[in-house]
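So you can see what is in the structure, the chains are spelled out below.
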Amino acid sequence: MAADGPIRTCIGCRARRSQPDLVRFHLDEHARLRVGRTGPGRGAWLCGDQTARCLASALRANAFARAFGREPDRASLPSHGVDWPSIERQLVAPS
Ligand SMILES: [Zn+2]
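Residues numbered from 1 in each chain as written. Predicted model: local features only at pLDDT ≥ 70, side-chain atom pairs only at ≥ 80, totals over all residues.

### Topic: the environment of Phe64
Here's step 1: Take Phe64: it is sitting in helix α2 (residues 63-68).
Here's step 2: Take Phe64: there are 22 C-beta atoms within 10 Å of it, and that puts it in the buried class.
Here's step 3: On a C-alpha basis, the gap between Phe64 and Leu77 in space is 9.5 Å, while along the polypeptide they are 13 residues apart.
Here's step 4: Ignoring anything within four residues of it in the chain, the contact list for Phe64 reads Leu33, Ala44, Ala58 and Pro72. (Helix = DSSP H or I, 4+ residues; strand = E, 2+ residues; numbered from the N terminus. Buried ≥ 20, exposed ≤ 12 C-beta atoms within 10 Å, placed from the backbone. Contact = placed C-beta atoms within 7 Å.)

### Description of helix α1 (residues 51-60)
Side chains that are three or four residues apart share a direction in an α-helix, a result of its 3.6 residues per turn.
Here's step 1: When we look at burial in α1, the residues that qualify are Thr51, Cys54, Leu55 and Ala58. Seen from one end, α1 has its buried residues packed into an arc of 105 degrees, which puts them on one side.
Here's step 2: Once α1 ends, the next one or two residues include Asn62, with phi positive near 55 degrees. (Arc of directions from axis to C-beta.)

### A closer look at the confidence of the model for the protein chain
Here's step 1: A residue-level look at the protein chain finds 89% of positions with pLDDT of 70 or above and a mean pLDDT of 89.
Here's step 2: Taking the mean pLDDT of every element in the protein chain, the minimum, 85, falls on helix α3 (residues 84-91) and the maximum, 97, on strand β2 (residues 16-18). (pLDDT = per-residue confidence, 0-100.)

### Some points on unusual backbone geometry
Here's step 1: Phi angles above zero are rare outside glycine, and Arg14 is one such case at about 70 degrees.
Here's step 2: Structurally, Arg14 can be placed in the loop between β1 (7-9) and β2.
Here's step 3: Of the residues examined, Arg14 has 11 C-beta atoms within 10 Å and is grouped as exposed.
Here's step 4: One non-glycine residue, Ala31, lies in the positive phi region at around 65 degrees.
Here's step 5: If you trace the backbone, Ala31 turns up in the loop between β3 (22-27) and β4 (33-35).
Here's step 6: Looking at Ala31, the number of C-beta atoms within 10 Å reads 14, which means it is partly exposed.

### Section: the environment of Arg53
Here's step 1: Summarising the element assignment, Arg53 is placed in helix α1.
Here's step 2: For Arg53, a count of 14 C-beta atoms within 10 Å gives the class partly exposed.
Here's step 3: As for Arg53 and Asp83, which are separated by 30 residues in sequence, their C-alpha atoms are 9.7 Å apart.

Here it is in C-alpha coordinates:
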(Lines give C-alpha, C1' and ligand atoms only; values in the text may rest on other atoms or scores of the structure.)
Protein backbone atom coordinates (compact mmCIF):
# COMPACT_ATOMS: atom_id res chain seq x y z
CA MET A 1 0.00 0.00 0.00
CA ALA A 2 1.39 3.40 -0.88
CA ALA A 3 2.12 5.52 2.16
CA ASP A 4 0.81 8.86 1.00
CA GLY A 5 -0.32 10.91 3.94
CA PRO A 6 -1.26 10.07 7.50
CA ILE A 7 -2.99 6.79 8.29
CA ARG A 8 -6.48 6.90 9.75
CA THR A 9 -8.82 4.14 10.90
CA CYS A 10 -12.25 3.80 9.33
CA ILE A 11 -14.78 3.90 12.15
CA GLY A 12 -17.04 1.53 10.24
CA CYS A 13 -14.83 -1.42 9.33
CA ARG A 14 -11.70 -0.49 11.34
CA ALA A 15 -9.46 -0.66 8.27
CA ARG A 16 -6.35 1.48 8.51
CA ARG A 17 -5.88 3.51 5.35
CA SER A 18 -4.23 6.68 4.14
CA GLN A 19 -6.30 9.84 4.30
CA PRO A 20 -6.87 10.22 0.54
CA ASP A 21 -8.74 6.89 0.59
CA LEU A 22 -11.12 8.02 3.31
CA VAL A 23 -14.03 10.41 3.68
CA ARG A 24 -13.83 12.79 6.62
CA PHE A 25 -16.77 13.61 8.87
CA HIS A 26 -16.98 16.19 11.60
CA LEU A 27 -19.60 17.95 13.70
CA ASP A 28 -20.56 21.54 13.07
CA GLU A 29 -21.22 24.05 15.85
CA HIS A 30 -24.68 22.58 16.35
CA ALA A 31 -23.34 19.02 16.60
CA ARG A 32 -24.75 18.18 13.19
CA LEU A 33 -22.89 15.57 11.18
CA ARG A 34 -21.02 17.04 8.20
CA VAL A 35 -18.69 15.83 5.49
CA GLY A 36 -15.58 17.79 4.62
CA ARG A 37 -11.81 17.83 4.79
CA THR A 38 -11.55 21.15 6.53
CA GLY A 39 -14.32 21.21 9.10
CA PRO A 40 -13.60 22.18 12.68
CA GLY A 41 -12.85 19.85 15.55
CA ARG A 42 -12.15 16.18 15.65
CA GLY A 43 -12.67 14.17 12.50
CA ALA A 44 -14.06 10.70 11.95
CA TRP A 45 -13.13 8.73 8.86
CA LEU A 46 -14.94 6.24 6.64
CA CYS A 47 -13.70 4.29 3.60
CA GLY A 48 -14.15 6.31 0.43
CA ASP A 49 -14.80 3.31 -1.80
CA GLN A 50 -17.48 1.62 0.31
CA THR A 51 -18.74 4.55 2.29
CA ALA A 52 -22.37 3.44 2.46
CA ARG A 53 -21.41 0.11 3.98
CA CYS A 54 -18.99 1.56 6.51
CA LEU A 55 -21.47 4.31 7.37
CA ALA A 56 -24.12 1.72 8.20
CA SER A 57 -21.66 -0.13 10.45
CA ALA A 58 -20.63 3.09 12.15
CA LEU A 59 -24.24 4.06 12.82
CA ARG A 60 -25.05 0.62 14.23
CA ALA A 61 -22.04 0.75 16.54
CA ASN A 62 -22.62 4.36 17.61
CA ALA A 63 -19.08 4.95 16.39
CA PHE A 64 -19.54 8.64 15.63
CA ALA A 65 -20.17 9.51 19.26
CA ARG A 66 -17.01 7.64 20.23
CA ALA A 67 -14.92 9.24 17.52
CA PHE A 68 -16.09 12.76 18.29
CA GLY A 69 -16.20 12.41 22.04
CA ARG A 70 -19.76 13.74 22.04
CA GLU A 71 -23.17 12.79 20.73
CA PRO A 72 -24.05 14.00 17.24
CA ASP A 73 -27.47 15.54 16.75
CA ARG A 74 -29.60 12.48 16.08
CA ALA A 75 -31.63 14.30 13.44
CA SER A 76 -28.49 14.91 11.41
CA LEU A 77 -27.55 11.23 11.17
CA PRO A 78 -28.49 9.61 7.89
CA SER A 79 -30.84 6.68 8.11
CA HIS A 80 -29.65 3.26 7.06
CA GLY A 81 -30.04 2.19 3.48
CA VAL A 82 -29.95 5.60 1.87
CA ASP A 83 -27.58 5.72 -1.06
CA TRP A 84 -24.26 7.36 -0.31
CA PRO A 85 -24.19 10.01 -3.07
CA SER A 86 -27.38 11.58 -1.78
CA ILE A 87 -26.14 11.42 1.82
CA GLU A 88 -22.92 13.07 0.81
CA ARG A 89 -24.75 15.90 -0.95
CA GLN A 90 -26.89 16.38 2.14
CA LEU A 91 -23.94 16.41 4.56
CA VAL A 92 -21.46 18.58 2.73
CA ALA A 93 -21.26 21.80 4.67
CA PRO A 94 -22.39 24.86 2.75
CA SER A 95 -19.37 26.93 1.86
ZN1 LIG B 1 -14.41 1.17 6.22
